[in-house]
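Structural overview for review
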Amino acid sequence: NRWYNKLKSYYYAALRNGRSSKEGQRYSKRLSKLDSKRHNQIKDFFHKVSFNIVKVAKEHRIDTIIIGKNMDWKQKVALGSKNNQNFVQIPHAMLVSMIRYKANTEGIAVIETEESYTSRASFLDEDPIPTYKSGEKSDDIFSGKRISRGMYRSKKGILINADVNGSANILRKVVPKAFANGIAVVCTQPLAVNVH
């Protein structure tokens, strides 16, 4: 995205300042080629990611994939101007669609659910996970805390990967009794998959 945004900005500046361009022109063959190349790169990468997600699910005999999603998450994101620009430009709906298609062909169900407060609630302490309601202020107090980009600390001081904590909470939102046999059966180390 950084490469794409830099080149797009450069080409737009060339259009505005070029003598041969028509007044107010916002389109050129170079811009069209750039857009097409970026779209194809993202599509290729998403095909590889979705293939690997479904492959891992199949290998582990997983029959349901749960994907967290928040309404208006792109409109209300506050990651700083550069990160906002990069995050908002990622077509997440395309990735979800590819996962759903590939999973369904393998007989794996895909459920999308809202994910409010899943990163703030402590999975290890079994905090209740409320649902965000627009215009309402949450009075909920969570027992754990995210202490760094990838680390979450429970009330008892146990450290867990922040993404694993959030993912487990998303699962709890859809299947509240998913961990009825205890959390010891849950993978505490995320599985890293290389996408080539």
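Our subject is the structure that appears above.
Residues numbered from 1 in each chain as written. Predicted model: local features only at pLDDT ≥ 70, side-chain atom pairs only at ≥ 80, totals over all residues. Heavy atoms only, no water.

1. Quick word on helix 1 (residues 2-17)
Here helix 1 contains 16 residues, and its C-alpha end-to-end distance of 22 Å stays within 8% of the 22 Å for a straight helix at 1.5 Å per residue. Taken residue by residue, helix 1 has Y4, N5, Y11 and L15 as its buried positions. End-on view of helix 1: buried residues confined to an arc of 135°, all on one side of the axis. The outward face of helix 1, more than 90 degrees from its buried face, is lined by the exposed residues R2, K6, Y10 and N17. (Helix = DSSP H or I, 4+ residues; strand = E, 2+ residues; numbered from the N terminus. Expected span 1.5 Å × (residues − 1). Buried < 20%, exposed > 50% of the residue type's maximum accessible area, 1.4 Å probe, protein only. Arc of directions from axis to C-beta.)

2. Observations regarding the packing of helix 2 (residues 29-59) against helix 4 (residues 92-105)
At their nearest, the axes of helix 2 and helix 4 sit 9 Å apart, and the two run at 40° to each other. When the interaxial angle is binned, helix 2 and helix 4 end up oblique. When the axes of helix 2 and helix 4 are compared, the crossing they make is right-handed. Between helix 2 and helix 4, the contacting residues are H39, I42, K43, F46, H47, V49, S50, F51, I53 and V54 on the first element and M94, L95, M98, I99, K102 and A103 on the second. Looking at the contact of helix 2 with helix 4, its residues break down into eleven nonpolar, three polar and two charged. (Axes fitted to C-alpha atoms, helices over the stretch in contact; angles between N-to-C directions. Parallel < 35°, antiparallel > 145°, perpendicular 65-115°, else oblique. Left-handed = near helix turned anticlockwise from the far one by under 90°. Contact = heavy atoms within 4.5 Å. Nonpolar A, V, L, I, M, F, W, Y, C, P; charged D, E, K, R; others polar.)

3. Section: the packing of helix 1 against helix 2
Between helix 1 and helix 2, whose axes approach to 10 Å, the crossing angle comes to 170°. With respect to helix 2, the element helix 1 is oriented roughly antiparallel. On the side of helix 1, the interface is formed by W3, Y4, L7, K8, Y11, Y12 and L15, while helix 2 contributes R30, L31, L34, D35, K37, R38 and Q41. A breakdown of the residues in the contact of helix 1 with helix 2 according to their chemical character gives eight nonpolar, one polar and five charged.

4. Some points on the pattern of salt bridges
In this structure the tally under the stated criterion is five salt bridges. Its salt-bridge partner being E106, residue K58 comes within 3.3 Å of it at the nearest N-O pair. Note that K58 is positioned in helix 2 and E106 in the loop between helix 4 and strand 2 (109-113), a separation of 48 residues in sequence. Given the relative accessible area of 48%, K58 is considered partly exposed. (Salt bridge = Lys/Arg side-chain N within 4 Å of Asp/Glu carboxyl O.)

5. Focus: unusual backbone geometry
The phi torsion at Y117 lies on the positive side, around 65°, for a residue other than glycine. Structurally, the position occupied by Y117 is in the loop between strand 2 and strand 3 (145-148). On the accessibility criterion, Y117 (15% relative accessible area) is buried. A positive phi angle, close to 55°, is found at E126, a residue other than glycine.

6. Points about the side chain of S154
As for its position among the elements, S154 is in the loop between strand 4 (151-153) and strand 5 (159-161). Beyond its immediate sequence surroundings of up to four residues, S154 is in contact with S122, L124, D125 and G144.

7. Regarding helix 2
Note: α-helices contain 3.6 residues per turn, so residues at a spacing of three or four share the same orientation. The terminal C-alpha atoms of helix 2 lie 45 Å apart, and with 31 residues this matches the ideal 45 Å at 1.5 Å per residue to within 8%. All of the buried residues along helix 2 are L31, L34, R38, I42, F46, V49, S50, N52, V54, V56 and A57. Where the residues of helix 2 are buried, they touch helix 1, strand 1 (64-68) and helix 4. Remark: R61 follows helix 2 within two positions and exhibits a positive phi of approximately 55°.

8. Comments concerning the side chain of S50
By the secondary structure assignment, S50 is in helix 2. When its relative accessible area of 0% is taken as the criterion, S50 is described as buried. Polar contacts involving the side chain of S50 include one to the side chain of K102, which spans 3.0 Å. Dropping the residues within four chain positions of it, S50 is found in contact with L95, M98, I99 and K102. (Polar contact = N/O pair within 3.5 Å; in protein donor to acceptor, adjacent residues only side chain to side chain.)

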